[in-house]
Number of protein chains: 2
Amino acid sequence: MGEKGKPEPGSRNAARRTTIYDLAALAEASASAVSAVLNGTWKKRRISERLAERILRVAEEQGYSVNLQASVLRREKSNIVGMIMPKYDNRYFGAIAERFEARARAQGLFPVITCTQRDPELEFEAAREMISYQVECLIATGATDPDRISDFCAAAGVQAINLDLPGGRAPSVVSDNFGGARDLAHLLLERAPHEPLLFIGGRPSDHNTAERIRGFRAAHADRGIPLPESAILACGYAAEKAEAALEARAGALPRGLFVNSTITLEGVVRWLRRQSPPAPVEIGTFDWDPFAALLPDCVGMVEQDVAGMLEEVFRLIGHAPEAGLRIEVPTILRRHL
Amino acid sequence: MGEKGKPEPGSRNAARRTTIYDLAALAEASASAVSAVLNGTWKKRRISERLAERILRVAEEQGYSVNLQASVLRREKSNIVGMIMPKYDNRYFGAIAERFEARARAQGLFPVITCTQRDPELEFEAAREMISYQVECLIATGATDPDRISDFCAAAGVQAINLDLPGGRAPSVVSDNFGGARDLAHLLLERAPHEPLLFIGGRPSDHNTAERIRGFRAAHADRGIPLPESAILACGYAAEKAEAALEARAGALPRGLFVNSTITLEGVVRWLRRQSPPAPVEIGTFDWDPFAALLPDCVGMVEQDVAGMLEEVFRLIGHAPEAGLRIEVPTILRRHL
DNA sequence: CAATCATGCTACATCGATTGAGCACGGTTG
DNA sequence: CAACCGTGCTCAATCGATGTAGCATGATTG
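Remember, it's a predicted structure, so these values are computed and weren't measured experimentally.

### As for the overall build of chain A
For step 1, the next point in the chain: Across its full length, chain A carries 12 helices and 12 strands.
For step 2, the next point in the chain: Rg of the C-alpha trace for chain A: 27 Å, well past the compact-globule value of 20 Å for 337 residues, more than 25% over.
For step 3, the next point in the chain: Overall size of chain A, expressed as C-alpha extent along the three principal axes, is 85 × 40 × 35 Å.
For step 4, the next point in the chain: The 337 residues of chain A split such that 54% are buried.
For step 5, the next point in the chain: Within chain A, counting contacts between residues at least 6 apart in sequence, those at least 24 apart form 65% of the total.
For step 6, the next point in the chain: Of the roughly 14900 Å² that chain A leaves accessible, carbon and sulfur atoms contribute 51%.

### Brief notes about the protein's contact with DNA strand C
For step 1, the next point in the chain: Taken together, 28 residues lie around DNA strand C, and A:Ile20, A:Tyr64, A:Arg74, B:Arg46 and B:Ser48 are the ones closest in.
For step 2, the next point in the chain: A share of 53% of the atoms of DNA strand C within 4 Å of the protein falls on sugar and phosphate groups.
For step 3, the next point in the chain: Contacts to DNA strand C include B:Arg46, whose side-chain N or O atom sits 3.1 Å from a base oxygen.
For step 4, the next point in the chain: Contact between DNA strand C and B:Glu76: a sugar or linking oxygen at 2.8 Å from a side-chain N or O atom of the residue.
For step 5, the next point in the chain: Where the surface near DNA strand C is concerned, the elements lending two or more residues are helix 1 (20-27), helix 2 (31-38) and helix 4 (68-75) of chain A together with helix 2 (31-38) and helix 4 (68-75) of chain B.
For step 6, the next point in the chain: For the surface near DNA strand C, the element with the highest residue contribution is helix 4 of chain A, accounting for four residues.
For step 7, the next point in the chain: Within the surface near DNA strand C, the residues separate by chemical class into 10 nonpolar, nine polar and nine charged.

### What to know about unusual backbone geometry
Residues and elements named next belong to chain A.
For step 1, the next point in the chain: Omega for the bond connecting Ser-276 with Pro-277 falls within 30 degrees of zero, at 0°, which places this linkage in the cis form.
For step 2, the next point in the chain: Secondary-structure assignment places Pro-277 in the loop between helix 11 (262-274) and strand 9 (282-286).
For step 3, the next point in the chain: Positive phi values are uncommon outside glycine, yet Glu-28 reaches one of about 50°.
For step 4, the next point in the chain: On the accessibility criterion, Glu-28 (61% relative accessible area) is exposed.
For step 5, the next point in the chain: Positive phi, normally seen in glycine, also occurs at Gln-134, with a value near 65°.
For step 6, the next point in the chain: Residue position: Gln-134 is located in the loop between helix 6 (120-132) and strand 3 (137-141).

### Topic: the sheet that holds strand 8 (residues 256-259) of chain B
All names here are of chain B.
For step 1, the next point in the chain: If you walk across this open sheet you meet the six strands as 7-6-8-9-10-12, and the pairing is mixed. The open sheet has two free edges, formed respectively by strand 7 (232-233) and strand 12 (332-335), since each of these has just one partner strand.
For step 2, the next point in the chain: The sheet contact formed by strand 9 (residues 282-286) and strand 10 (residues 298-303) spans four bridges and is parallel. Pairing of Thr-285 across the sheet is with Met-301, part of strand 10.
For step 3, the next point in the chain: The sheet strands contacting helix 8 (residues 177-191) are strand 8, strand 9, strand 10 and strand 12, and the helix crosses strand 9 at an angle near 175°.

### Remarks on the relation of the copies chain B and chain A
Here two copies of a chain appear, and what relates them is a rotation about an axis with a shift along it.
For step 1, the next point in the chain: Laying chain B over chain A is done by rotating through 180° and shifting 0.0 Å along the axis; what remains is an RMSD of 0.0 Å. In the structure described here, the two chain copies are related by an operation that fits a two-fold rotation axis. Closest to the rotation axis within chain B is the C-alpha of B:Gln69, separated from it by 2.3 Å.
For step 2, the next point in the chain: With an isologous cut-off of 70% or more, the 100% of interface residues of chain B that recur at the interface of chain A puts this contact in the isologous class.

### What about the UniProt feature "domain: HTH lacI-type" (unreviewed entry) in chain A?
For step 1, the next point in the chain: Those residues carrying the UniProt feature "domain: HTH lacI-type" (unreviewed entry) are residues 18-75 of chain A in this numbering.
For step 2, the next point in the chain: Here residues 18-75 of chain A runs as 66% helix and 0% strand, with 20 Å between its end C-alpha atoms.

### Thoughts on the pattern of salt bridges
For step 1, the next point in the chain: This model, assessed by the stated rule, comprises 45 salt bridges over all chains.
For step 2, the next point in the chain: Here A:Glu129 makes a salt bridge to B:Arg105, at a shortest N to O gap of 3.6 Å. Of this pair, A:Glu129 sits in helix 6 while B:Arg105 sits in helix 5 (residues 91-106), which puts the two residues in different chains.
For step 3, the next point in the chain: A:Glu129 sits in the partly exposed class, given a relative accessible area of 28%.
For step 4, the next point in the chain: A single network of salt bridges, built from pairs that share partners, joins A:Glu240, A:Glu243, A:Glu247, A:Glu266, A:Arg270 and A:Arg274.

### Side note on the interface of chain B and chain A
A common measure of how large an interface is: the accessible area buried when the components associate.
For step 1, the next point in the chain: Contact with chain B, which involves 48 residues of that partner, is made by 48 residues of chain A.
For step 2, the next point in the chain: Across the chain B to chain A interface the summed buried area is about 5100 Å²; carbon plus sulfur atoms make up 56%.
For step 3, the next point in the chain: Taken together, the connections running from chain B to chain A amount to four salt bridges.
For step 4, the next point in the chain: Our enumeration of links across chain B and chain A arrives at 27 residue pairs in polar contact (both at pLDDT 80 or more).
For step 5, the next point in the chain: Grouping the amino acids of the side of chain B that touches chain A by side-chain chemistry returns 25 nonpolar, 10 polar and 13 charged.

### Overview of the protein's contact with DNA strand D
For step 1, the next point in the chain: With respect to spatial proximity, 28 residues lie near DNA strand D, and among them A:Arg46, A:Ser48, B:Ile20, B:Tyr64 and B:Arg74 are the closest.
For step 2, the next point in the chain: Counting only the atoms of DNA strand D within 4 Å of the protein, the fraction contributed by sugar and phosphate is 51%.
For step 3, the next point in the chain: Interatomic distance of 3.1 Å between a side-chain N/O atom of B:Ser32 and a base oxygen of DNA strand D.
For step 4, the next point in the chain: Elements with a contribution of two residues or more to the surface near DNA strand D: helix 2 and helix 4 of chain A together with helix 1 (20-27), helix 2 and helix 4 of chain B.
For step 5, the next point in the chain: When residues of the surface near DNA strand D are assigned to their parent elements, the largest contribution, four residues, is made by helix 4 of chain B.

### Considerations on the sheet that holds strand 8 (residues 256-259) of chain A
Residues and elements named next belong to chain A.
For step 1, the next point in the chain: One open sheet accounts for six strands, arranged 7-6-8-9-10-12; its pairing is mixed. What marks the edges here is a single partner per strand, and that holds for strand 7 (232-233) and strand 12 (332-335).
For step 2, the next point in the chain: Against the sheet, helix 9 (residues 207-222) engages strand 6 (198-200), strand 7, strand 8 and strand 9, with an angle of about 175° to strand 6.

### Re the packing of aromatic side chains
For step 1, the next point in the chain: The tally for this structure, following the rule as stated, stands at 15 aromatic pairs over all chains.
For step 2, the next point in the chain: Both rings, one in A:Phe100 and one in A:Phe314, keep their centres 5.8 Å apart while their planes meet at 40°; by these two values the pair is tilted. Here A:Phe100, found in helix 5 (residues 91-106), pairs with A:Phe314, found in helix 12 (residues 306-316); they are 214 residues apart in sequence, far enough to count as distant.
For step 3, the next point in the chain: Taken together, a centroid distance of 5.3 Å and an interplanar angle of 35° make the contact between B:Tyr92 and B:Phe93 tilted. You'll find B:Tyr92 and B:Phe93 in the same group, each marked buried.
For step 4, the next point in the chain: Across from the ring centre of A:Phe178, 4.2 Å away, lies the NZ or CZ of A:Arg214, which sits over that ring.
For step 5, the next point in the chain: Positioned above the aromatic ring of B:Trp288 is the side chain of B:Arg334, whose terminal nitrogen or guanidinium carbon lies 4.2 Å from the ring centre.

Definitions and limits used
- Residues numbered from 1 in each chain as written.
- Chains lettered and ligands numbered in written order.
- Predicted model: local features only at pLDDT ≥ 70, side-chain atom pairs only at ≥ 80, totals over all residues.
- Heavy atoms only, no water.
- Helix = DSSP H or I, 4+ residues; strand = E, 2+ residues; numbered from the N terminus.
- Rg over C-alpha atoms; globule rule 2.2 N^0.38 Å.
- Buried < 20%, exposed > 50% of the residue type's maximum accessible area, 1.4 Å probe, protein only.
- Contact = heavy atoms within 4.5 Å.
- Areas by Shrake-Rupley, 256 points an atom, 1.4 Å probe, with all protein chains shown as cover.
- Near = heavy atom within 4 Å.
- Polar contact = N/O pair within 3.5 Å; in protein donor to acceptor, adjacent residues only side chain to side chain.
- Nonpolar A, V, L, I, M, F, W, Y, C, P; charged D, E, K, R; others polar.
- Pairing = 2+ DSSP bridges.
- Axes fitted to C-alpha atoms, helices over the stretch in contact; angles between N-to-C directions.
- Least-squares fit on C-alpha atoms with pLDDT ≥ 70 in both.
- UniProt positions renumbered as here; feature names shortened; annotations may be inferred.
- Salt bridge = Lys/Arg side-chain N within 4 Å of Asp/Glu carboxyl O.
- Buried area = accessible area lost by both parts, 1.4 Å probe.
- Phe/Tyr/Trp six-rings, centres within 6.5 Å; stacked < 30°, edge-to-face > 60°.
- Lys NZ or Arg CZ within 6 Å of the ring centre and 35° of its normal.

What follows is the structure, given as structure tokens:
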């Protein structure tokens, strides 16, 4: 009766988990019947209501749960969607992770996220591992080298999507960095007209920073305010780098500061705290954080539309759009006071 | 030659991934040899250097990566460690997630985290799913019902560990909430002696809140300061609840505020911003956040020792300690200014 | 020279779930 | 009564990797 020489069911060998063969023996049915009942295909497979109930009862009693490794191996469909993410240490990435999981679950997919510390090697290893787990689709968020991951996925026949940072070899969903930055710069310029702002943080080689600088310039151009080269301090994202850059800067600080990320903002505020007399500034930051929003000088933040971006990502999953596709999602300007 | 009637290797059927059988055909070797070479057991299995190199070259060329479903199924060992986490939206949980992943990888385990939105049903479903993926060990962080998860794991023969919030049915690693709260209360009392503080946030039924209240009381007792019942406003964690509780409170605000979480702090600061004239307060908060630390009134925060806690968790993995074990890890008091 | 041993490799059963093929049985139909 | 159909179920192959058992071959020993 399909016992296959395994230890007697019920012997409760702590090392071995209950399988459909154990349930089959207990319910006096075949493993096929058990499988069909437990995965919901039993009506189609013409199993009687009576047997189905018996099997379900036994499964319940034994606290059975499928071995998904076996199931996935056989079905050749994992329903796993993977995401690679640089860090979990800010609200933006945290929100992406939460939303991604919720959205995946809502359509019956199993989300797996892993964080790669902005380390290109770890990023690649993580991608390889996800592919080994047979993910249906791999989403690379803020990857340092998205194209390498896209190519690797392509070779394995796995769909890849870039989020936040675009790439050329897979479809990308990104914020409208240009528009968001222009709006934020306008907000600051409204409050201190005629004087150019200071842009601080990020790397000019980075796509997102480049787009934000473009938006920053556009806002000044819209208002006919000439922008000296010294108004752009793309000194890296790290808080310490921002502090050092401000320390090294010559001349008076302009009233309006455009800060390129919340992590940069940490350095900016720490530096400002040390000045006496305090510099009268108004700060706008790209990205949103609830506590940063409560800082007295902080007059506005750009919140990225995480829900909207993930909606686009999930629209793409399973639909193999062309690699060059780039979807830009508008950002949300939050004014304080 | 072991082709098993599969489609010709090299036919590049996009739908089918390369397997060891394909590699075996290409390298003119057996699937066993390929497997042994790729998983590193080839020396023990007396495969020649020459064949090993040939196989590795072919594998490289084909961009092969193992099917871990098949591998795990056969080995009956997944090397997956699972973690269930309520949210990703604050620094504490973010740090736990990052550290957990780094620590797991460091010892060759594959970390899988899933966030369950403090929803008991989702928590349980997530645990079931992790067990279906054959995790070696499941860590429940801040679970609403840790014992239910522990029992379920026990039935499946999977090790369970509680983190942050203790349970009775599995070993638990938690912060020393009592000690941390007492130290933070002392810090506030040093600065405004003789007057009792106000405790705000959390639920008294919650283990961590109860311990922190105990520490809060102890600090007052240490200094012989009598504590009225009204000094404890355990109104829930949410920011809105804190705002409402402060609004409803009668009498002048004491100088020292003991805030039970960063999310509660958000509400407290928003309420304070609305008062005029501004209330002269000094705030200490349990949990740490870099921007909250920059708020002008914030004189101290308790940082939980995430690295230390995870060190303890990983010490327990694979060592099946008694279910009642509770490990308390000291917290770190951060004074500002 | 026969017996023994080391070396280098392969055949095949196995992990647990899934699923196409097909068996047995009772009821209809022409 | 034979041919046919529907119902309820089981058999056995399969997914890809692993590892035990074992087969050749050539070298070494008594």
